[in-house]
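Reading the structure
Residues per chain, in single letters:
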Amino acid sequence: MIKNNNRNKLWLFQAACIAGIILLLSCIFMSCPALAQVSSKFDLAPVILDGRQIFQVSSSGQFTAKERANLINSQLRDAVSSPESVQVKVEERNQLPTILLVSVSNKDLKANSSPPDTSARYLLTVTQLDAPAGSSPQEQAGTWAAQIQQAVNESQQQRSSKYIRDAVVNAIAVLMGAIAFHIALGWFWPRTIGRGLRMFFPEPNPSDPNPPRSFDLLLNLTLASTRLGLWVATLLYIANLFPVTRGWSYQIANILIASFISKIFTVGEKAYSVTDLLILGGFLWGLIVVAQTATTVLRSRILEVAGINRGAQEAIAIITKYSLIAVGTIVLLQIWGLDLSSLTILASVLGVGIGFGLQDIAKNFGSGLVIILERPIQIGDFVEVGEYKGIVERIGGRSTVIRTLDRVSIIVPNSRFLETELINWNHDNPLSGVRLQIGVAYNSDVNTVQSALLEAGTGHPDVLLVPPPQVLFKGFGDSALNFELRVWTAQPSKQFKIQSDLYYRIEANLRQHKIEIPFPQRDLNIRTGNLQVEISSQLEAMLLQLLKNQANGQEIELDVAENGSENTQISQDIQD
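These numbers were taken from a predicted model, which means no experiment stands behind them.

**A short note on the overall build of the protein**
- A tally of regular secondary structure across the protein gives 15 helices and 17 strands.
- With 576 residues in all, the protein has 30% of them scored as buried.
- By element, 59% of the accessible surface of the protein is carried by carbon and sulfur atoms, the whole surface being about 37,100 Å².

**A closer look at the sheet that holds strand S14 (residues 470-476)**
- Ordered in space as S13-S15-S14, the 3 strands form an open sheet in which the pairing is antiparallel. Looking at which strands have only one partner, the edges of the open sheet turn out to be strand S13 (432-440) and S14. Across the sheet, the axes of successive neighbouring strands diverge by a mean angle of 25°, strand direction being ignored.
- Sheet topology places S13 next to strand S15 (residues 481-489); 9 bridges connect them, and they run antiparallel. Note that in S15 the partner of Arg435 across the bridge is Arg486.
- Packed onto the sheet, helix H14 (residues 495-512) meets S13 and S15 and runs at close to 30° relative to S13.

**Things to note about unusual backbone geometry**
- Geometrically, the link from Val466 to Pro467 is a cis peptide bond, its omega value of -5° lying close to zero.
- Relative to the helices and strands, Pro467 is located in the loop between helix H13 (446-458) and S14.
- The backbone phi angle of Gln95 is positive, close to 60°, even though this residue is not glycine.
- Locating Gln95 in the fold gives a position in the loop between strand S3 (85-93) and strand S4 (96-104).
- Although it is not a glycine, Lys514 sits at a positive phi angle of roughly 55°.
- Mapped onto the elements of the fold, Lys514 is located in the loop between H14 and helix H15 (537-552).
- Look at Lys514 and you get exposed, because its relative accessible area is 77%.

**Thoughts on the packing of aromatic side chains**
- All told, the structure shown has 4 aromatic pairs when counted by the stated rule.
- Residues Phe55 and Trp144 carry aromatic rings whose centres are separated by 4.2 Å and whose planes lie at 10° to one another, so their mutual orientation is stacked. Of the two residues, Phe55 is situated in strand S2 (residues 52-58) and Trp144 in helix H4 (residues 137-158); the sequence distance between them amounts to 89 residues. Exposure class is identical for Phe55 and Trp144. Each is buried.

**A closer look at the nonpolar core**
- Leu76 and Ile148 are the most contacted members of the largest nonpolar core, which totals 25 residues.
- If you list the elements that add at least two residues to this core, you get strand S1 (44-49), S2, helix H2 (65-81), S3, S4, strand S5 (120-125) and H4.
- The contacts of Leu76, once residues within four sequence positions are left out, are Val47, Leu49, Ile54, Leu101, Leu123, Ile148 and Val152.
- Core analysis: the second largest hydrophobic core is formed by 19 residues, Val434, Leu436, Leu481 and Ile506 among them.

**Thoughts on the confidence of the model for the protein**
- Averaged over every residue, the pLDDT of the protein is 77; residues scoring 70 or more account for 77%.
- Counting contacts from residues 28-41, a segment whose pLDDT is below 50, to residues more than four positions away or on other chains yields 6 contacts.
- Here residues 555-576 is a poorly scored stretch, pLDDT under 50, and it has 33 contacts once near neighbours within four places are set aside; other chains count.

Rules and cut-offs
Residues numbered from 1 in each chain as written. Predicted model: local features only at pLDDT ≥ 70, side-chain atom pairs only at ≥ 80, totals over all residues. Heavy atoms only, no water. Helix = DSSP H or I, 4+ residues; strand = E, 2+ residues; numbered from the N terminus. Buried < 20%, exposed > 50% of the residue type's maximum accessible area, 1.4 Å probe, protein only. Areas by Shrake-Rupley, 256 points an atom, 1.4 Å probe, with all protein chains shown as cover. Pairing = 2+ DSSP bridges. Axes fitted to C-alpha atoms, helices over the stretch in contact; angles between N-to-C directions. Contact = heavy atoms within 4.5 Å. Phe/Tyr/Trp six-rings, centres within 6.5 Å; stacked < 30°, edge-to-face > 60°. Core = buried A, V, L, I, M, F, W, Y, C linked by side-chain atoms within 4.5 Å. pLDDT = per-residue confidence, 0-100.

Okay, structure coming up:
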């Protein structure tokens with residue numbers, strides 16, 4: 001009951017995550033084309049002062065919108081850097097409103113006198129393209145003049161020593177608060193958010209020496225993401241306190257945004273940017289997650305309830321998963337506006353890559369499809385491939401996981417099951433035989449031996465009664481009468497344990513019936529006699545001389561001529 005409850009919680013958590021991902025990606029998918037249409041309809045460029053956008057201008061005459069904005073930005077930077085105050089005025093020139101910047105000295109401000117016209121600097125001319133629908137250039141010029149005046153006053157005020165001193169104090173306070181909040185998150189997060197996340201995960205088993213760490217990884221990941229967001233927000237806030245750093249942050253943000261939205265390559269007649277690729281990758285990832293969850297629900301909620309065996313469940317689930325991914329990818333690319341006919345060159349390149357560098361992956365993937373369709377092995381089968389024996393735990397697209405009797409997972413490429421000999425103890429017929437070799441002494445009663453072996457075989461709970469156990473008299477050995485006990489079991493993975501249990505039972509039965517298990521016997525016959533050795537006459541003479549001198553206890557020197565030319569001098573001390 002607890003296991004089913006945890007499984008339901010996990011399934012609800014996965015469904016909620018997938019729904020959120022689909023909703024987020026759908027919003028991005030719906031908003032990005034609209035933003036692209038707006039930006040492509042009007043050629044606009046922002047007017048920026050100290051990292052803050054005031055308004056946007058359009059192209060005018062021979063000047064593009066970006067060129068006009070750069071000229072205006074340069075004039076505004078020079079104006080706010082001046083120690084004199086700046087006033088924004090609107091004049092009519094050539095029947096179009098023109099915005100001017102007028103520098104006012106402190107003396108003129110105290111005298112409340114108007115500055116001379118020679119101090120006025122040209123900023124921009126407002127055209128009909130700058131005015132929104134239903135508004136005149138004069139109205140737009142008045143609105144922009146008020147916005148420029150407010151921005152200039154704020155920029156000059158933020159360059160005063162009093163403001164900078166207050167901003168530094170504010171930045172230090174915010175930084176200390178961020179450090180305290182960072183430390184508090186480490187205490188607060190496991191006790192609140194961790195408890196909420198724990199309900200979506202199964203309870204850990206205290207007896208498991210290596211419990212799964214998925215919950216801890218998710219908790220640490222969410223905590224690290226929250227802390228990262230905290231410090232990003234803190235640095236952005238501190239950067240926005242000062243005019244210079246605010247301008248730097250705006251430039252960095254513009255560079256990052258431009259690198260993400262600029263077109264990097266073209267497929268067919270449509271160009272794509274990094275943002276397009278990220279959104280498309282997000283959709284594909286969401287498609288894979290949805291396909292994985294759908295196959296999990298299909299396996300656990302439908303196929304398992306229908307009573308289909310585990311191997312057939314896995315085959316249907318894998319085919320369904322890859323079919324959903326393939327069809328969904330094609331539909332997604334079509335909706336995204338990608339012409340699949342333009343991918344023929346890419347398909348050719350991938351074909352060459354598969355033929356050279358990815359041939360092993362393609363071979364294993366094709367072998368996986370053959371295994372799934374032909375089903376020479378299934379989930380739960382006890383197999384032997386090469387030197388590995390174990391139970392098939394999972395059949396994937398590229399590899400198969402085998403869990404050995406030592407509880408070790410072996411990942412075997414799928415192509416190995418088709419290229420080498422494979423022993424499947426569960427194929428077609430799950431029954432498998434277990435053979436045990438026994439030798440007894442020559443003076444034993446063979447009928448008693450047969451009864452004792454059958455008694456040991458029929459009493460085991462994992463040994464089948466049909467077909468019944470058999471005892472075969474294999475022949476006369478060198479030291480024993482050789483018998484073989486054959487039994488059958490429906491659990492091939494337990495054959496080694498069954499064999500061990502039967503040997504224990506056989507030894508006890510033979511001891512009970514006083515049947516001896518003999519030791520190997522060998523007969524060794526030794527004959528006495530004379531061993532004749534032929535030696536040369538020179539060697540014989542030398543040995544006789546040595547024996548004679550040894551009896552006399554003297555030191556001797558022997559000269560032996562070899563081949564008529566070489567003398568050999570032998571010295572030896574003979575001691576009693």
